[in-house]
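These are the residues of each chain, in order.
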Amino acid sequence: MKTVNILGTDYAIVEQTAEDNPKLDDANGLCEIYSKEIILDSEMIKPCKMLVKQPELYKAKILRHEIVHAFFFESGLIGYCENETLVDFLAAQIPKMAKVMQDTGCL
Ligand SMILES: [Zn+2]
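Predicted, not measured: the structure shown is a model, and the values here were computed from it.

A. Quick look at the nonpolar core. Ile38, Ile67 and Ala70 are the most contacted members of the largest nonpolar core, which has 16 residues in total. Contributing elements (two or more residues each) for this core: strand 3 (29-32), strand 4 (37-41) and helix 1 (55-74). If you tally residues by element for this core, the top one is helix 1, at six residues. Apart from the residues within four sequence positions on either side, Ile67 is in contact with Val4, Ile6 and Ile38.

Okay, structure coming up:
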């Protein structure tokens, strides 16, 4: 099992199927803030399956999204943690922000 440390708290990164975990019926990933698990759908069998042409990139996008949730929760920012628009925005933009910061020497 892989783990990631989010602000001092270990989160397990696990892959499950919707059969293993019915919560994956409605999501490709989950951030279980109380059991400290980031769960990725190993099958990615969602309505957007047709869009998943590069599964590893898609999986990374989902993982990034769930990590942002965990950062908000571990920061005590539960309201932001529950804000899917904000979480999605940051998950999409953080790599671009990091590149700009890297390029400008302020990372
Ligand atoms: Zn989310």
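B. Seen up close, the sheet that holds strand 4. What the four strands build is an open sheet, ordered 1-2-4-3; its pairing is mixed. Strands with a single pairing partner mark the edges of an open sheet, and in this sheet they are strand 1 (2-6) and strand 3. Adjacent strand axes in the sheet meet at a mean angle of 25 degrees, parallel and antiparallel pairs treated alike. Here five bridges tie strand 1 to strand 2 (residues 9-16), and the two strands are oriented antiparallel to one another. Bridge pairing links Ile6 to Thr9 in strand 2. Most of the contacts of helix 1 go to strand 3, to which it runs at about 20 degrees, and overall it touches strand 1, strand 2, strand 3 and strand 4.

C. Just unusual backbone geometry, in detail. The residue Leu7 is not glycine, and still its phi comes out positive at about 50 degrees. Looking at the element boundaries, Leu7 is found in the loop between strand 1 and strand 2. Assessed through the 10 C-beta atoms surrounding it within 10 Å, Leu7 is described here as exposed.

D. Region of the structure containing the packing of helix 1 against helix 3 (residues 84-103). Relative to each other, helix 1 and helix 3 sit at 120 degrees, their axes nearing to 9 Å. Accordingly, the angle class assigned to the pair helix 1 and helix 3 is oblique. Like other packed secondary-structure pairs, helix 1 and helix 3 cross with a definite hand, here right-handed. Contacts between helix 1 and helix 3 pair Lys61, Arg64, His65, Val68 and His69 from the former with Val87, Asp88, Leu90, Ala91 and Ile94 from the latter. Counted by class, the contact of helix 1 with helix 3 contains five nonpolar, two polar and three charged residues.

E. Region of interest: the pairing of strand 4. When you tally the buried positions in strand 4, you get four out of five residues, the bulk of the element. Note that strand 2 and strand 4 share five bridges and pair parallel. Paired with Gln16 across the strands is Asp41, a residue of strand 4. Bridging between strand 3 and strand 4 involves four bridges; their strand directions are antiparallel. If you follow Glu32 over to strand 4, its bridge partner there is Glu37. If you look at the hairpin formed by strand 3 and strand 4, you'll find four residues sitting between the two strands, and Lys36 has a positive phi there, around 60 degrees.

Rules of the game
- Residues numbered from 1 in each chain as written.
- Predicted model: local features only at pLDDT ≥ 70, side-chain atom pairs only at ≥ 80, totals over all residues.
- Core = buried A, V, L, I, M, F, W, Y, C linked by C-beta atoms within 7 Å.
- Buried ≥ 20, exposed ≤ 12 C-beta atoms within 10 Å, placed from the backbone.
- Helix = DSSP H or I, 4+ residues; strand = E, 2+ residues; numbered from the N terminus.
- Contact = placed C-beta atoms within 7 Å.
- Pairing = 2+ DSSP bridges.
- Axes fitted to C-alpha atoms, helices over the stretch in contact; angles between N-to-C directions.
- Parallel < 35°, antiparallel > 145°, perpendicular 65-115°, else oblique.
- Left-handed = near helix turned anticlockwise from the far one by under 90°.
- Nonpolar A, V, L, I, M, F, W, Y, C, P; charged D, E, K, R; others polar.

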